[in-house]
Amino acid sequence: PQLTATKGGRSVVRASGTYVVLRELHGWESHPEVLSACHKLIQVLIGDEPGPGMENLLEVTVPEDVELQLQQQDREEQQLWGQQGHQGTGDRDRDSGG
């Protein structure tokens, strides 16, 4: 997340073709945690660039109610991962010797 926190970092990530790789990864990845991170990064890359004063997302003040909503969404997502287990990971674990 640090690399995409700044406008310059986002530009580098976009210019390096990362979106295409992430799009392909998203199509076959079965780990819910990886899919979630992939989806979030894709949204950053394809979304509109933040306005003036928000070039560095690490310096943006997030309103407390929005932060609480995001934390709640993260908790719900993690609970869903726990309910799903790691379905579909067995083949990859066997293939990698894990």
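Residues numbered from 1 in each chain as written. Predicted model: local features only at pLDDT ≥ 70, side-chain atom pairs only at ≥ 80, totals over all residues. Heavy atoms only, no water.

Where an unreviewed UniProt entry is consulted, the protein appears under the name HGH1 protein, with the organism given as Sclerurus mexicanus.

1. Notes on helix H3 (residues 32–46)
What counts is decided by this rule: A run of H or I in DSSP counts as a helix once it spans at least four residues, and a run of E counts as a strand once it spans at least two, with each numbered from the N terminus. Multiplying 1.5 Å by the residue count of a helix minus one yields the expected span of that helix. Whether a residue is buried, partly exposed or exposed follows from its accessible area with a 1.4 Å probe, protein chains only, as a fraction of its type maximum: under 20%, in between, or over 50%, in that order.
Relative to the 21 Å expected for 15 residues at 1.5 Å per residue, H3 spans 21 Å between its end C-alpha atoms, a close match to the ideal helical length. Of the positions making up H3, those classed as buried are Pro32, Ser36, Cys38, Ile42 and Leu45.

2. Comments concerning the nonpolar core
Here is a general trend for soluble globular proteins: nonpolar side chains tend to be buried in one another's company. Which entries qualify depends on this criterion: Grouping buried Ala, Val, Leu, Ile, Met, Phe, Trp, Tyr and Cys residues that are joined through side-chain atoms within 4.5 Å yields what is termed a nonpolar core. Residues are treated as being in contact if the distance between any of their heavy atoms lies within 4.5 Å.
Of all hydrophobic cores here, the largest spans five residues; its members are Val13, Leu22, Cys38, Ile42 and Leu45. Residue contributions to this core peak at three residues, all from H3. Apart from the residues lying within four places of it in its own chain, the contact partners of Leu22 are Cys38, Leu41, Ile42 and Leu45.

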